Protein chains: 2
Amino acid sequence: MKNISKEDYLRIIFKHKNSDGEIKPNLIAEKLSVSNAAVTDMIKKLSHEGYTNYQKYKGISLTNSGETYARNMVRRHRIWEIFLNQVVGIPWDKVHDEANRLEHSSSDELINRLDELVGFPRYDPHGDPIPSKEGKMPKQKKYIALSKLKEGDSSVVVRVNDFDEKFLSYIAGIGIKLNETIKLLEKRDFDKSMLITIKGKQWNISEKLAENVFVEVKK
Amino acid sequence: MKNISKEDYLRIIFKHKNSDGEIKPNLIAEKLSVSNAAVTDMIKKLSHEGYTNYQKYKGISLTNSGETYARNMVRRHRIWEIFLNQVVGIPWDKVHDEANRLEHSSSDELINRLDELVGFPRYDPHGDPIPSKEGKMPKQKKYIALSKLKEGDSSVVVRVNDFDEKFLSYIAGIGIKLNETIKLLEKRDFDKSMLITIKGKQWNISEKLAENVFVEVKK
DNA sequence: TAAAAAATTTAAGTAAGCTTAAATTTAAAT
DNA sequence: ATTTAAATTTAAGCTTACTTAAATTTTTTA
Ligand SMILES: [Mn+2]
Ligand SMILES: [Mn+2]
Ligand SMILES: [Mn+2]
Ligand SMILES: [Mn+2]
């Protein structure tokens, strides 16, 4: 294939498909910042080429071939992220956009070599699982959204949504990162905002923020 | 700008312009594997945007702005090459194509960081000078083509042309690399082929090959 | 220096990947 | 069950970066 746009569509479909393996055009359009019309066009092409299944007005899904291609794109993306973070030394909240471009510009041999250099990690800097060279997905750790915590709960950060760099640098700024402990002190009913503790400091966070940070509750 | 095609045109113009700073459409077309008509089209666009000077049927040259942009592209290309070679461990004869893509997909911040990681080298794995962040070009070492050696001369490899991976892996296979010593034993008049010694082994090489390897004669 | 060859430009056309606007279908709300 | 709203598709059109073929200019060679 070797086509930046198509590769982006496939990776986004893979990442955001629901539990039935389906995704709506609307969501793709939003994630890629293109019009719905552009999505319809592209999905028709991808379906012609055997990467997606498409029926008018129905949910879109990946074929086996599309699934394989997409999983490899996810692998490329996440390996670049972790390589940039661990070897190049770019902060974990800054690697996403760079990886988003590099993922299209490197051979599989290079990706495999980078993977080797960082020691075949199973999760990327945001806690997302990295498919192996053979396409196997590590189990995603169990987690709940930070917004679902009960007052008094202590938790450990397991994953964060990585699509908005502004969001990431904000949470990095208040000390949220993988494996960090977060305790919920208060939750306000009227706007669902929360008061939390990180490394002894207290912070007020919005519901929106809390919905994009995922934690494991500590017993 | 942020446009892969235009960036490739600028880098190629920079690399292959003659001593007057000019280049013919024909050569650009050849280096980029596109038609002459495509070159005319693109040069018109680049000229409109202030990156090149263009008059029908005359040689093409870079403006100040084009020169700056192009030099940065060369920097990106060569830093990727040396990073891939030194940090990632890809053989020097295999880095060119990979760099050719990566050069368009990385921020200046990333390039500067890679530069730092490899210790601000002045030459790439093929002996070509790497422009500094400020755009300063290290002096190119003095050299002559291997094909210009006299029988009996001993020499050191200073630079090799890097545009054909087949060529590079062939010469890498016979032991040619930067700083390697090459001695010319015989040169045949009828086809200009040569018999050389590298690390005690003798090799017959064609004139074509010898024209793409550059050496400094040892006294 | 005239003829032939090569290089360059112009013209016409294509495919990809978008856009906006209008038409159609599906989902949500009353 | 209608009506309204939202999502989706179709239609028409744009830009970019190419192509081939024909016309033009420059360079080379006889
Ligand atoms: Mn991408
Ligand atoms: Mn990530
Ligand atoms: Mn390139
Ligand atoms: Mn090089």
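These figures come from a predicted structure and were not determined experimentally.

Student: What is the right way to read the protein's contact with DNA strand C from this model?
Tutor: Near DNA strand C there are 22 residues, and of these Asn3 of chain A together with Asn26, Lys44, Tyr54 and Lys56 of chain B occur at the shortest range. In the interface set of DNA strand C, defined as its atoms within 4 Å of the protein, sugar plus phosphate atoms amount to 78%. Residue Ser5 of chain A places a side-chain N or O atom 3.0 Å away from a phosphate oxygen belonging to DNA strand C. Measuring from a phosphate oxygen of DNA strand C, one finds a backbone N or O atom of Asn26 of chain B at 2.7 Å. Elements that contribute at least two residues to the surface near DNA strand C include exactly α1 (4-16) and α3 (36-48) of chain A together with α2 (25-32) and α3 (36-48) of chain B. Top element by residues in the surface near DNA strand C is α3 of chain A. It accounts for five residues. When its residues are assigned to classes, the surface near DNA strand C shows 10 nonpolar, six polar and six charged.

Student: Any chance you could explain the sheet that holds strand β9 (residues 213-218) of chain B here in plain terms?
Tutor: Across a sheet, paired strands are connected by hydrogen bonds in the backbone, their directions being either parallel or antiparallel. With antiparallel pairing, the six strands of this open sheet are ordered in space as β4-β9-β5-β6-β7-β8 (chain B). The sheet is open, and its two borders are formed by β4 (144-145) and β8 (201-205) of chain B, each paired with just one other strand.

Student: Help me out: how do you make sense of the coordination of the manganese ion (ligand 3) in this one?
Tutor: When four donors bind a metal tetrahedrally, each ideal donor-metal-donor angle is 109.5 degrees, and when six bind octahedrally, the ideal angles are 90 or 180 degrees. Protein-derived coordination of the manganese ion (ligand 3) comes from Asp8 of chain B (OD), Asn100 of chain B (O), Glu103 of chain B (OE) and His104 of chain B (NE2), at a distance range of 2.1 to 2.4 Å. The exposure class of Asn100 of chain B is partly exposed, given its relative accessible area of 26%.

Student: Sorry, what's going on with the packing of α1 of chain A against α3 of chain A here?
Tutor: All names here are of chain A. Between α1 and α3, the least distance of the axes is 11 Å, while the angle of their chain directions is 95°. In terms of orientation, α1 lies roughly perpendicular with respect to α3. Where α1 abuts α3, its residues Ser5, Lys6, Tyr9, Leu10 and Ile13 lie against Ala38, Val39, Met42, Ile43 and Leu46. The class makeup of the residues in the contact of α1 with α3 is eight nonpolar, one polar and one charged.

Student: Explanation requested: the interface of chain A and chain B in the structure shown.
Tutor: By convention, interface size is frequently given as the accessible area that disappears when the constituent parts associate. Opposite the 18 residues of chain A that make contact, chain B presents 18 residues. Both faces combined, the contact of chain A with chain B buries some 1,300 Å², and carbon together with sulfur accounts for 65% of it. Between the two partners, chain A and chain B, sit zero salt bridges. Only α4 (64-88), α5 (95-102) and α6 (108-117) of chain A provide two or more residues apiece to the side of chain A that touches chain B. Per element, the largest residue contribution to the side of chain A that touches chain B is five residues, and it comes from α4 of chain A.

Student: Would you mind going over the coordination of the manganese ion (ligand 1) with me for this structure?
Tutor: Residue and element names in this part refer to chain A. Taken together, the protein ligands of the manganese ion (ligand 1) are Asp8 (OD), Asn100 (O), Glu103 (OE) and His104 (NE2), with distances of 2.0 to 2.4 Å. One chain supplies every donor for the manganese ion (ligand 1), spaced along it as D-x91-N-x2-E-H. A residue pair is termed long-range when its members are at least 10 positions apart, and Asp8 in helix α1 and His104 in the loop between α5 and α6 qualify at 96 residues. Owing to a relative accessible area of 19%, Asp8 belongs among the buried residues under this scheme.

Student: Would you mind going over the side chain of Ser107 of chain B with me for this structure?
Tutor: Summarising the element assignment, Ser107 of chain B is placed in the loop between α5 (95-102) and α6 (108-117). Excluding residues that lie within four positions of it along the chain, Ser107 of chain B makes contacts with Glu98 and Arg101 of chain A together with Arg76 of chain B.

Student: Hey, could you run me through the protein's contact with DNA strand D in this one?
Tutor: In the region of DNA strand D, 22 residues are neighbours, and Asn26, Lys44, Tyr54 and Lys56 of chain A together with Asn3 of chain B sit closest. A breakdown of the atoms of DNA strand D within 4 Å of the protein gives sugar and phosphate a share of 80%. Here Tyr57 of chain A contributes a backbone N or O atom positioned 3.0 Å from a phosphate oxygen of DNA strand D. One of the side-chain N or O atoms of Asn3 of chain B is found 2.3 Å from a phosphate oxygen in DNA strand D. Going through the elements one at a time, α2 (25-32) and α3 of chain A together with α1 (4-16) and α3 of chain B are the ones with two or more residues in the surface near DNA strand D. Tallied by class, the residues present in the surface near DNA strand D amount to 10 nonpolar, six polar and six charged.

Student: Would you mind showing me how to read the pairing of strand β8 (residues 213-218) of chain A here?
Tutor: For a regular strand, side chains alternate in direction, first toward one face of the sheet and then toward the other. Residues and elements named next belong to chain A. In terms of strand pairing, strand β3 (residues 144-145) meets β8 through two bridges, oriented antiparallel. From the neighbouring strand, Ala145 faces β8, where its bridge partner is Phe214. Here strand β4 (residues 154-160) runs beside β8; their pairing, made up of six bridges, is antiparallel. Within β8, the residue paired with Val160 across the bridge is Val213.

Student: Help me understand the pairing of strand β7 (residues 194-198) of chain B, please; the structure alone is not making it clear to me.
Tutor: All names here are of chain B. Counting buried positions over the five residues of β7 gives five, a clear majority of the element. Of the two faces of β7, the one lined by Met194, Ile196 and Ile198 and the one lined by Leu195 and Thr197 are each fully buried. Bridging between strand β6 (residues 181-187) and β7 involves five bridges; their strand directions are antiparallel. When the sheet's bridge partners are listed, Lys183 is paired in β7 with Thr197.

Student: Explain the relation of the copies chain A and chain B here, please?
Tutor: The two chain copies are related to each other by a rotation about an axis together with a translation along it. When chain A is brought onto chain B, the operation consists of a screw motion whose angular component is 180° and whose axial shift is 0.0 Å, with 0.0 Å RMSD remaining. In symmetry terms, the pair is related by a two-fold rotation axis. Most of the interface of chain A is mirrored in chain B, where 100% of its interface residues are also at the interface.

Student: Teacher, can you tell me more about the packing of α4 of chain A against helix α4 (residues 64-88) of chain B here?
Tutor: For any two helices packed against each other, one specifies the inter-axial angle together with the distance between the axes. Running from N to C, α4 of chain A and α4 of chain B point in directions that differ by 75°, and their axes come no closer than 14 Å. In this view, α4 of chain A runs roughly perpendicular relative to α4 of chain B, as classed from their interaxial angle. Residues Trp80, Phe83, Val87 and Val88 of chain A of α4 of chain A touch α4 of chain B, and the partners they reach there are Trp80, Phe83, Val87 and Val88 of chain B. Grouping the amino acids of the contact of α4 of chain A with α4 of chain B by side-chain chemistry returns eight nonpolar, no polar and no charged.

The rules behind these values
All residue numbers here refer to positions counted from 1 along the written sequence of the relevant chain. Each chain gets a letter, beginning with A, and each ligand a number, beginning with 1, in the order they are written. Given that the model is predicted, a residue must reach a pLDDT of at least 70 before its local features are reported, and side-chain atom pairs must reach 80 or more before they are shown or counted; all residues, however, enter totals for whole chains, interfaces and linings. The side-chain numbers reported here are obtained from all heavy atoms of the structure, hydrogens and water having been left aside. What makes a residue near a molecule or strand is one non-hydrogen atom of that residue sitting within 4 Å of it. Polar contacts here mean pairs of N or O atoms no more than 3.5 Å apart (in protein, one a potential hydrogen donor and the other a potential acceptor; neighbouring residues in sequence count only if both atoms are side-chain atoms). For helices the rule is a DSSP run of H or I covering at least 4 residues; for strands it is a run of E covering at least 2, with both sets numbered from the N terminus onward. In this classification, Asp, Glu, Lys and Arg are treated as charged, Ala, Val, Leu, Ile, Met, Phe, Trp, Tyr, Cys and Pro as nonpolar, and every other residue, Gly included, as polar. A pair of strands counts as paired when DSSP detects no fewer than two bridges linking them. Sodium, potassium and calcium take a 3.2 Å donor cutoff, other metals 2.8 Å, and in both cases only N, O and S atoms count; water is not among them, so sites may look incomplete. Between buried and exposed lies partly exposed: a residue is buried under 20% and exposed over 50% of the maximum accessible area for its type, with that area taken using a 1.4 Å probe on protein chains only. Between the N-to-C directions of two axes lies an angle of 0 to 180 degrees, each axis being a line fitted to C-alpha atoms and, for a helix, fitted only over the stretch in contact. For classification purposes, angles smaller than 35 degrees are called roughly parallel, those larger than 145 roughly antiparallel, those between 65 and 115 roughly perpendicular, and all remaining angles oblique. Throughout, a contact is declared for two residues whenever any of their heavy atoms are within 4.5 Å. Accessible area that two parts lose when put together, evaluated with a 1.4 Å probe and summed over both, is termed the buried area. In the sections that follow, a salt bridge refers to a side-chain nitrogen of Lys or Arg positioned within 4 Å of a carboxyl oxygen of Asp or Glu. To line up the copies, we fit them by least squares on C-alpha atoms, keeping just the residues with pLDDT of at least 70 in both.

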